[in-house]
Amino acid sequence: MPHPISRRRHAALATVVGLTTALATLAGTGGAATAGVDDVPSTPVPISAPDGTVMSYVLNAEVANPGQTRLLERAVRRADGVVVQSWPQIGVVVAHSDRSAFRTTVRDAAGNALESVGATRTVGVSEGTPEGVAAPWGPGASDYKRLDRKDDRGDVGSEPTTVTPEPREVEQWDMRMIKADQAHRINDGDRDVLVGVLDSGIDADHPDLAANIDEESSVNCSDAGRPDRSATGWQPTTSDHGTHVAGTIAAPRNGIGIVGVAPGVRMASVKVVNDDGFIYPEYAVCGFVWSAMQGMDVTNNSYYVDPFMYYCEDQPDQYAAKEAVRRAVAWSTDKGVVHAAAAGNAATDLATNTTDTTSPGDSTPITRTINEGCHDIPAELEGVVTVSSMQRFPAGTDESRLSSFSNRGLGVIDVAAPGSSILSTIVRDNGYGLKSGTSMASPHVAGVLALMKSAHPGLTPAEMVARLRAQADDKPCGTTTAGAACVGTPENNSYFGEGVVDALDAVS
């Protein structure tokens, strides 16, 4: 692989969606790029779509506008498919079909309106086609309603306040590591700030979360990628992962249990994980677009998009899925949403890795070669803050320790945050529990971004990312018990990026 610095992503934020992704060479099968001269091709993973099996697809318009999107919708119907959800803002259509030739037929029917088409899973649609879609094999979807974003607000000042500790705050070493306890004396978050928790749902009746959940802005995106506004759809069913993440972000200071990084802000549950634990591309697209439509300020993304740990641009299906998610992230960023994402738990150097043994995760994984055009999404998409995980410092020291499971990578990791043995809210008995992972590190960063937005409401996502990186406390290469050794300088290295995120600086 080329030098890892070639994978640095934050030179500029993507602010315009609707233009085709710049790719060196386009293959004739739907927009996938061929490998570069210095890059070996990635290992193909053909996705079979037998007649009679309902499969899910994304179609990306050559130009993102309502007219081109309508042309894709017509092409879907002419190819004997059904439109599950359209996102004209980004020129993406989610479709189902039980015809094996759908990709070829819809490409011919769409003509120049189509930039790329690809299957989003290697297996049939487990949840079925949503109710309301006129599908010969079952029910189907609804139109979206565009909601205006709230106006930008000017900077606000805050006077120091007295803070009463929560009953279990003494156990929250993670809050002290990022100086959240000190930040709360200045600003503990503004109610106008809304954080989208893209995850497995938030427990609506947990006494240490309920006050900060915005039910009106919450949604379930795991119904084939269509927004489900039902009262309970966005709540957890088989996983308390999202509930744990939510507690770290914004458990209120209410005299119960723990406190979050930004206890004064609101959260919306954006459910993107299905009952089998998968986050498919159409779910993520729904989540990012919905976040912007609802005027959210920050999202947390403690997952990678299934079924591939790395989406490769020289594979047509993977390219199309990645492009749809990229468009959703870029459009929401342009609308004012800043995104934090977990780097992953494979103890892998994302800047130099050339092999994946875990994909596709929804069928039979194979060992495959990955190249420079293969990325972990959403963590490696432009404009997303990528977070590695740290262990607790040994008593009496501030020694640098990367969690053994944490992914890493020079030019890929932006900042680090605590992620090992984090105490937060869980569903069982409306209680509390310890979890570890970069999934636990990322919400610390989302919380800091929420505090920053509270103190400085006029900042754009690009300005927030720049401040977050600049304010992070430099952390020299330290130790870990697994994975590649650290490379880089104390100011920017493969373990901690720009350093440990700093909540106190964020509100200053």
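Residues numbered from 1 in each chain as written. Predicted model: local features only at pLDDT ≥ 70, side-chain atom pairs only at ≥ 80, totals over all residues. Heavy atoms only, no water.

*Asks:* I'd like a description of the pairing of strand S5 (residues 194-199), backed by residues and values.
*Replies:* By the criterion of burial, S5 is predominantly enclosed, with six of the six residues buried. Taking every second residue as pointing to the same face, both faces of S5 are buried, with Leu-194, Gly-196 and Leu-198 on one and Val-195, Val-197 and Asp-199 on the other. Judged from the six bridges that link them, S5 and strand S8 (residues 266-271) form a sheet pairing that is parallel. Across the sheet, residue Asp-199 finds its bridge partner in S8, namely Lys-271. Bridge count between S5 and strand S9 (residues 298-301): four bridges; the pairing is parallel. Looking at the pairing, Leu-198 lines up with Asn-301 of S9. (Buried < 20%, exposed > 50% of the residue type's maximum accessible area, 1.4 Å probe, protein only. Helix = DSSP H or I, 4+ residues; strand = E, 2+ residues; numbered from the N terminus. Pairing = 2+ DSSP bridges.)

*Asks:* I'd love a proper account of the sheet that holds strand S15 (residues 384-390), names of residues and values included.
*Replies:* If you trace the eight strands from one edge of the open sheet to the other, you get S7-S6-S8-S5-S9-S11-S15-S16, paired in mixed fashion. The outermost strands of the open sheet, each flanked by one partner alone, are strand S7 (226-228) and strand S16 (415-418). Taken over all neighbouring pairs, the strand axes of this sheet differ in orientation by 30° on average, direction set aside. (Axes fitted to C-alpha atoms, helices over the stretch in contact; angles between N-to-C directions.)

*Asks:* Could you give me a rundown of the side chain of Asn-371, with the residues and numbers involved?
*Replies:* Tracing the backbone shows Asn-371 in the loop between strand S13 (366-369) and strand S14 (374-375). A polar contact of 2.9 Å, which involves the side chain of Asn-371, links it to the backbone oxygen of Val-40. (Polar contact = N/O pair within 3.5 Å; in protein donor to acceptor, adjacent residues only side chain to side chain.)

*Asks:* Got a sec to walk through the sheet that holds strand S4 (residues 114-119)? Specific residues and values, please.
*Replies:* Strand order in the open sheet formed by four strands is S2-S3-S1-S4, and the pairing between neighbours is antiparallel. In this open sheet, the two strands that pair with only one neighbour each are strand S2 (82-87) and S4. Sheet twist, expressed as the average angle between the axes of neighbouring strands with direction ignored, equals 20°. With six bridges connecting them, strand S1 (residues 55-61) and strand S3 (residues 92-97) associate as antiparallel partners. Bridge pairing in S3 links Tyr-57 to Ala-95. Contacts from helix H1 (residues 66-78) reach S1, S2, S3 and S4, with the element oriented near 165° to S2. Across the sheet, helix H7 (residues 316-334) is in contact with S1, S3 and S4; its angle to S4 comes to roughly 110°. (Contact = heavy atoms within 4.5 Å.)

*Asks:* So, the pairing of S2: which residues are in play, and what are the values?
*Replies:* Burial within S2 is extensive, with six of its six residues counted as buried. The pairing of S2 with S3 spans five bridges and is classified as antiparallel. Across the sheet, the residue bridging to Val-82 is His-96, located in S3. The hairpin formed by S2 and S3 contains four residues between the paired strands, and Gly-91 there has a positive phi angle of roughly 65°.

*Asks:* Explain the packing of aromatic side chains to me, and be specific about the residues and the numbers.
*Replies:* Tallied over the full model, the rule gives five aromatic pairs. Judged by centre distance (4.7 Å) and plane angle (40°), the ring pair of Tyr-57 and Phe-102 falls under tilted. With Tyr-57 in strand S1 and Phe-102 in helix H2 (residues 102-110), this pair connects stretches of sequence that are 45 residues apart. Taking relative accessible area as the criterion, Phe-102 reaches 0% and is therefore assigned buried. Judged by centre distance (5.9 Å) and plane angle (85°), the ring pair of Tyr-495 and Phe-496 falls under edge-to-face. The class of Phe-496 is buried, set by a relative accessible area of 0%. (Phe/Tyr/Trp six-rings, centres within 6.5 Å; stacked < 30°, edge-to-face > 60°.)

*Asks:* Outline the state of the cysteines, listing residues and values.
*Replies:* Here, the word disulfide means a covalent bond between the sulfur atoms of two cysteines. Within this structure, the stated rule accounts for three disulfides. Sulfur-sulfur distance for the disulfide between Cys-221 and Cys-286 comes to 2.0 Å. With the S-S bond torsion at -65°, the cross-link from Cys-221 to Cys-286 turns out left-handed. With a gap of 65 residues between them, Cys-221 in strand S6 (residues 219-223) and Cys-286 in helix H6 (residues 281-293) connect regions that are remote in the sequence. With respect to class, Cys-221 is no different from Cys-286; both count as buried. The disulfide that involves Cys-477 links it to Cys-486, with 2.1 Å between the sulfurs. Judged by the sign of its S-S torsion, about -65°, the cystine formed by Cys-477 and Cys-486 is left-handed. (Disulfide = S-S within 2.5 Å.)

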